[in-house]
Amino acid sequence: MKTLPTWVDTVYDSNKQEQCVWNLCFSPDGQRLVVAAGTRVHVYDANDGSIIQSLKGHKETVYCVAYAKDGQRFASGSADKSVIIWTNKLEGILKYTHNDAIQCLAYNPVSHQLVSCAVTDFGLWSPEQKAVSKHKVSSRITCCSWTNDGQYLAVGLYNGLVSIRNKSGEEKVKIERPQANMAPVWSLSWNPNRDEQSDILAVADWGQRLSFYQLSGKQIGKDRLLGYDPCCLSWFSKGEYIVVGGANKQCCLYTKEGVKLGAIGEPSGWVWCCAVKPDSNYVAVGSNDGTVAIYHLMFSTVHGLYRDRYAYRDSMTDIIIQHLITDQKVRIKCRDLVKKIAIYKNRLAVQLPDRIIIYELYSDDTADMHYRVKEKIHKEFECNLLVVCSQHIILCQEKRLQCFSFSGDKEREWVMESIIRYIKVIGGPPGKEGLLVGLKNGQILKIFADNAFPILLLKQSTSVRCLDLSATRNKLAVVDDQSTLLVYELVTKELLFQERGAVSVAWNSQYEDMLCFSGNGMLSIKAGNFPVHQQKLQGFVVGFNGSKIFCLHVYAMTSVDVPQSAPMYQYLEKKMFQDAYKVACLGVTEGDWEALAHDALEGLDFETAKKSFIRVKDLRYLELIHSIEERRRRGEQDNMVFLADVYAYQGKFQEAAKLYKKSNQEQKALNMYTDLRMFEQAKEFLGAGDALDKKLLITKQADWAKNSNEPRAAAEMYISAGEYMKAIDIIGDHGWPDMMIDLARKIDKADREALTRAAHYLAKMEQYEYAAEVYNKMGDHKALIAMRVEAKHWDDAFAIVEKYPEYKTEVYVPYAQWLAEKDRFEEAQQAFHKAGLQAEAVKVLEQLTHNAVAESRFDDAGYYFWKLSIQCLDIAREESDKRQDMLQKFQDFQKKAELYYIYHTIYRHVVEPFTSVLPEGLFNMSRYLLHNIEEEACYGISKSYPFLHGIKKPVKNLGAYKLARTAYEKLRLLQISQRFQDTVDLGSLTIRSKPFHDADELLPMCYRCSTTNPLLNKTGNKCVNCKQPFVHSFVNFEILPLVEFVLEDGLTDEEAVHILDMSIPKQKKKGLWSETKMGTFQSLRLGDEQTEDEDPFAASIRSTSDNLEFTPVVVSRATLKSLSRSEVYVLKWPRPLRYQFFKTLLPDVPVTFCSTCNKLFHTDDFEQQYLQRGHCPFCRSKYDD
């Protein structure tokens, strides 16, 4: 730290007597200095010390002055008990008084409030107030100061106490200090730095102490002993330093912790006042001998550098170590004035006023930034330079170098011929490090820590300012005091390079032939023997590592990234690719790496090119280099071809083609141009008459046309080149049917692949006739059928199947599936049947049946069960191994078809409000249904419905009371809907009032044995006597007067029909009454005459066995001949079933049967139903006549 007086003045009164300077202050802009001396207020120009004006206004000595923070006014206080407010135009605008002399003044930093302190009180004044508010204190006031925010005022008292008050004057905190009665507070001030975590109050008392306190009154640290009585105290603007003056006739600089740094000025008298110029390093000092002076403080840079570690002094007492690569920083607090710093590898030496401290790193990690104390040398040294090594410290003082161990013992001393100007550690083994020393007389020496004899490297005529040694220590760079850079070869002492305008120099620590130097605001980089490359730079260089240059500008060390592009290109111009690569490794841009890679590749330096392309991750060129190296290993040595390949990759096609031609590799040129779609240029390299190459060229040209969105031209080129498949794909993708069929007609039918592809595209374009033409040309009928099926052209497909029945499955199966998707299941079932897929046909019908029952479409369910039965009959006829099972299923499905057919009518009677079914018909249907569902339960059929609606309701009209009782008993055992429960309960009660028998006219009679049967037979729907099953009309389910008979053994169905067809119809004769006895009953017949010969069929009926089992009526050939064809109904079932034969016993009752389902009906009922529905009520068959 150096102090230079800017100006000095002495204040005299009118009698030329020196006047004591009691107080002074700067204006906020630092342009004026206001001084309180004698009875006047003197205003100085702070820059040159000229007095602007001496203000008169006070009658006695002026003790204090204070400037407002806005710079618009200042105040002065005097022993005449008055305070005067002055404007910045030096005019007095206000005056007020106290009861005692004014001791001190202070303006609030955030408002215009002024505090004026007299001996026993203080007053608060502001422009907004009409009066000054005054507050008494217990002791004499000596000083005062406001906090930064203007909220609190600290008042120093003569009794040693400090009173902290708010801006209204009320006391908030009282700081009671030890030995206060013997240590009057003479000066205090708050730290002006607003970035501090808390307000800090510095207090100087005449106990010769400097203390620090928080706003709460808590002391910070310990008291600092000054050794003299302080009279004034002032902070620097940023709060980093304190200026204290007093009885020692000095103005001293302290840190904010109170560590003394040095003296600023030494006037001949006591320093009564001092002030720091705002935002600067200028300090104004006033003493009792009338001297007013302003000093300029210059803080010198104390720092040290070793490679990428830079240590420098901060706040005079701290050390900051900065890692220039990672920009990490660490602070070491020494709490004393740091005079010198030296750094080397893992060592750090710090010189303090009375000792030297050596630090070391905690670890050997290059990135470690944690230091610890290794040794302390408690000696006071005087030196100009300090150097630290692994085991020694070296101090430089003028011509002398002294080597000390870390314990403080001097081991060696060197005395030079001239003053030492520069010293630098250049490394070496621990304890044997070498030092480079430059002298004022131009000598450059090398000294080893363990050797007493310096080694002269060279001698030059000019004084040394800066020097550095190259990485291999073969070259030396020197900057002399004439700002000339000189580079020497150390072995030969030859001057290699000289340049003016340099102030500092540094070799690149990673590359031997590169250095940088700075001067005149420029940075110069020199590589090898190439010209210097320059760019602007503020400061001077102190280090050069790779692409980073370490530059010291004023007090800050910065790391500047300097791409090594210019030196690299200088090497490239000379085709020095390996050197260029070394420079590039120091740090260049990606574009520079690409340029290096391409230049090295063109120079056929494949190793350098490969490493460069790896840097930029260019796989394409790496593959090229790899292929060239492989070809070289196989024996190829034509560098011209390799260079042509490089040119081709770089887009220099003409140069590549020329080189190919020179190397007799025209084919490579042809391939290159065709790959590039440069067909006109390719034709130049096309050999005459080479058909294969021409075809290849046309094909590639077509590929290019395709990729260039010219598909028609590409297709035509493919056709001309014979590439039919590619042409077909293009034509098909763009939907050109005419062009496609023309091409298909041109293609030979042996090229089935191309024709198949063409037909596929034609079908895709819905040009089915064209596609069919192509398939017919190929003779591929199966593909033709598949196309028709896919297009849903069923008629065309059926027409083809008629010609080629072996493809029946390919048509009918998808047709059936299509019908099923359209919900045309019946047609789908027929289609499966036609396709021979009986299992699928049955499966469709079963699913239809299940759905119909689930949806309560019981008539459809009955119809589908009938269809299923016929399907099973077909399977039984065609597959003998399944015949027995299928016939069983046939009977089962027939039975279910009848049940669902009947249940549909009963269910409609329940759910529909109006039906056309008569009660008698509903009664008969319910009886038939109950007779059959007693044997087995059917899905979806409720037993309660026949009892509830088929039997219970007609009872009242028909008189079937016994049956009604049975129905109610059955209903009580069944679970029925709640809405019918009341009706059933009521009916169960009312039926008890009815007779216990059914009406005789309701009881059915057996037409075989004439036995009257109960309405509900436990054995089923057959006679209780002869067991003959009843035959019902399938409309109203009345019992038909028919008796079924079977043929005797040896008589076939066809023979029986033939015999019946040949029979002669019987003639009716008029006769008298005739009596007939049959079993247990007698009958009288009127109108027929008793014949002499008995009817053979009647005899067969009477020959009923007494067995409990049913015995059918067996008819012989003779009996058949006696029967009339009109009285016999033949139901012709398909094989393997036998025909059914029925003989009517009442020929006058007309009976009709459906030839499809073989169900019997009353003729009138059938005709009515057929007219209503348009088909058979059971099987839905239609008849033309």
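In this text the structure is predicted, and so the values were computed from the model without any measurement.

The subject of this paragraph is the overall build of the protein. Looking only at helices and strands, the protein has 31 helices and 63 strands in total. Counting over 1185 residues, the protein shows a buried share of 51%. Taking the contacts inside the protein whose residues are at least 6 apart along the sequence as the reference set, 43% of them involve residues at least 24 apart. Counting every atom, the protein has about 58,000 Å² of accessible surface; 47% of that belongs to carbon and sulfur.

The next subject is helix 14 (residues 752-764). Between its first and last C-alpha atoms helix 14 spans 18 Å; for 13 residues at 1.5 Å apiece the expected length is 18 Å, and the two agree. Within helix 14 the residues assigned to the buried category are Ala754, Leu755, Ala758, Ala759, Tyr761, Leu762 and Ala763. If you follow the buried residues of helix 14, they end up packed against helix 12 (724-734), helix 13 (737-746), helix 15 (768-778) and helix 16 (781-790). Glu766 lies just past helix 14 and shows a positive phi near 65 degrees.

Looking at the element boundaries, Gln1169 is found in helix 31 (residues 1163-1173). Between the C-alpha atom of Gln1169 and that of Val1035, which follows or precedes it by 134 residues, the distance is 8.0 Å. The contact partners of Gln1169, leaving out residues within four places of it in the chain, are Val1035, Gly1174, His1175 and Pro1177.

This next bit is on the pattern of salt bridges. Scanning all chains against the criterion turns up 36 salt bridges. The residue Asp859 makes a salt bridge to Arg1180 at a minimum N-O spacing of 3.9 Å. Note that Asp859 is positioned in helix 21 (residues 858-878) and Arg1180 in the segment after helix 31, a separation of 321 residues in sequence. For Asp860, the salt bridge is made with Arg1180, and the minimal N-O distance between the two is 2.6 Å. Taken together, the residues span a long stretch of sequence, with Asp860 in helix 21 and Arg1180 in the segment after helix 31 at a distance of 320 residues. On the basis of relative accessible area, Arg1180 is assigned to the partly exposed category, the value being 27%. Through salt bridges with shared partners, one network takes in Arg177, Asp205, Arg209 and Asp223.

The 4 strands are arranged 6-7-8-9 in an open sheet whose pairing can be described as antiparallel. With one partner strand each, in any of the chains shown, strand 6 (62-67) and strand 9 (92-97) form the two edges of the open sheet. Neighbouring strand axes in the sheet, compared pairwise and without regard to direction, differ in orientation by 20 degrees on average. Sheet analysis places strand 8 (residues 82-87) next to strand 9, joined by 5 bridges and oriented antiparallel. Within strand 9, the position partnered with Val83 by the bridge is Tyr96.

This brings us to the packing of helix 15 against helix 16. Running from N to C, helix 15 and helix 16 point in directions that differ by 165 degrees, and their axes come no closer than 8 Å. In terms of orientation, helix 15 and helix 16 fall into the roughly antiparallel class. Here helix 15 runs over helix 16; the crossing is right-handed. Between helix 15 and helix 16, the residues in contact are Tyr768, Glu769, Ala771, Ala772, Tyr775 and Asn776 and His781, Ala783, Leu784, Met787 and Arg788, respectively. Residue classes in the contact of helix 15 with helix 16 are distributed as 7 nonpolar, 2 polar and 2 charged.

With respect to the helices and strands, Glu417 occurs in the loop between strand 40 (410-415) and strand 41 (420-427). Among all residues touching Glu417, those that are not within four sequence positions of it are Lys399, Leu439, Asn441 and Gln443. Only 3.0 Å separates the side chain of Glu417 from the side chain of Gln443, close enough to count as a polar contact.

Looking now at unusual backbone geometry. Cis geometry marks the peptide bond from Arg1135 to Pro1136; its omega dihedral reads 10 degrees. Inspection of the secondary structure puts Pro1136 in the loop between strand 60 (1128-1131) and strand 61 (1140-1144). Positive phi, normally seen in glycine, also occurs at Arg335, with a value near 55 degrees. Tracing the sequence through the fold places Arg335 in the loop between strand 32 (329-333) and strand 33 (340-344). Even without glycine at this site, Asn520 takes up a positive phi of about 60 degrees. Within the fold, Asn520 resides in the loop between strand 50 (514-519) and strand 51 (522-527). Judged by its relative accessible area of 71%, Asn520 falls in the exposed class.

If you look at the biggest cluster of nonpolar residues, it comprises 54 residues, and the most contacted ones within it are Tyr900, Ile902, Leu1042, Leu1160, Cys1176 and Phe1178. At the level of elements, helix 20 (838-854), helix 21, helix 22 (883-911), helix 23 (919-933), strand 60 and strand 63 (1160-1162) are the ones that each hand at least two residues to this core. It is helix 22 that contributes the most residues to this core, 12 residues altogether. Apart from the residues lying within four places of it in its own chain, the contact partners of Tyr900 are Val853, Phe858, Asp859, Ala861, Gly862, Phe865, Cys938, Tyr939 and Ile941. Among the nonpolar cores identified, the runner-up in size contains 48 residues, and Tyr306, Ala342, Tyr359 and Phe404 belong to it.

What follows concerns the environment of Asp450. If you trace the backbone, Asp450 turns up in the loop between strand 43 (443-448) and strand 44 (455-459). The partly exposed category is assigned to Asp450, whose relative accessible area is 37%. It is 9.9 Å that separates the C-alpha atoms of Asp450 and His392, two residues lying 58 residues apart in sequence. If we skip the residues at most four places from it in the chain, Asp450 touches Arg412, Gly431 and Lys432.

Below, the discussion takes up the packing of aromatic side chains. The tally for this structure, following the rule as stated, stands at 33 aromatic pairs. On the numbers, 5.5 Å between centres and 90 degrees between planes, the contact of Trp22 with Tyr63 is edge-to-face. Linking Trp22 in strand 2 (residues 21-26) with Tyr63 in strand 6, this pair joins segments that are 41 residues apart in sequence. When the ring of Tyr901 is compared with that of Phe1178, the centres are 5.2 Å apart and the planes differ by 75 degrees; the resulting orientation is edge-to-face.

Covalent bonding between the sulfur atoms of two cysteines is what defines a disulfide. Under the criterion given, the structure shown has 0 disulfides. The cysteine Cys1176 is free of any disulfide, with Cys1179 supplying the nearest cysteine sulfur at 3.6 Å. Accessibility expressed as a relative area gives 0% for Cys1176, which makes it buried.

Mapped onto the elements of the fold, Thr291 is located in strand 28 (residues 291-298). Among the residues examined, Thr291 registers a relative accessible area of 16% and is labelled buried. Beyond its immediate sequence surroundings of up to four residues, Thr291 is in contact with Val8, Asp9, Thr10, Val21, Val285 and Gly286.

Time to look at the sheet that holds strand 5 (residues 51-56). Pairing within the open sheet is antiparallel, and its 4 strands lie in the order 2-3-4-5. The open sheet has two edge strands, strand 2 and strand 5, and neither has a second partner. For this sheet the average axis-to-axis angle between neighbouring strands, irrespective of direction, equals 20 degrees. Alignment of strand 3 (residues 32-37) against strand 4 (residues 40-45), held across 6 bridges, turns out to be antiparallel. Paired with Val34 across the two strands is Val43, which belongs to strand 4.

Take the pairing of strand 3 next. Of all 6 residues that make up strand 3, 5 are buried, and the element is covered over most of its length. Connecting the antiparallel pair strand 2 and strand 3 is a turn made up of 5 residues, with Gly30 showing a positive phi of about 75 degrees. What sits between the antiparallel neighbours strand 3 and strand 4 is a turn of 2 residues, in which Gly38 has the positive phi angle 65 degrees.

What follows covers the pairing of strand 46 (residues 475-480). Of all the 6 residues making up strand 46, 6 are buried; the element is thus mostly covered by neighbouring parts of the structure. Residue alternation in strand 46 divides its side chains into two sets, Lys475, Ala477 and Val479 and Leu476, Val478 and Asp480, and both sets are buried. Direction of pairing for strand 45 (residues 464-469) relative to strand 46: antiparallel, over a ladder of 5 bridges. Looking at strand 46, one finds that Leu469 is bridged to Leu476. The antiparallel hairpin formed by strand 45 and strand 46 contains 5 residues in its connecting segment, where Arg473 sits at a positive phi of about 65 degrees. Between strand 46 and the antiparallel strand that follows it, strand 47 (residues 484-489), lie 3 residues; Ser483 among them carries a positive phi value of about 60 degrees.

Definitions and cut-offs
Residues numbered from 1 in each chain as written. Predicted model: local features only at pLDDT ≥ 70, side-chain atom pairs only at ≥ 80, totals over all residues. Heavy atoms only, no water. Helix = DSSP H or I, 4+ residues; strand = E, 2+ residues; numbered from the N terminus. Buried < 20%, exposed > 50% of the residue type's maximum accessible area, 1.4 Å probe, protein only. Contact = heavy atoms within 4.5 Å. Areas by Shrake-Rupley, 256 points an atom, 1.4 Å probe, with all protein chains shown as cover. Expected span 1.5 Å × (residues − 1). Salt bridge = Lys/Arg side-chain N within 4 Å of Asp/Glu carboxyl O. Pairing = 2+ DSSP bridges. Axes fitted to C-alpha atoms, helices over the stretch in contact; angles between N-to-C directions. Parallel < 35°, antiparallel > 145°, perpendicular 65-115°, else oblique. Left-handed = near helix turned anticlockwise from the far one by under 90°. Nonpolar A, V, L, I, M, F, W, Y, C, P; charged D, E, K, R; others polar. Polar contact = N/O pair within 3.5 Å; in protein donor to acceptor, adjacent residues only side chain to side chain. Core = buried A, V, L, I, M, F, W, Y, C linked by side-chain atoms within 4.5 Å. Phe/Tyr/Trp six-rings, centres within 6.5 Å; stacked < 30°, edge-to-face > 60°. Disulfide = S-S within 2.5 Å.

None of this, on its own, says anything about what the molecule does.
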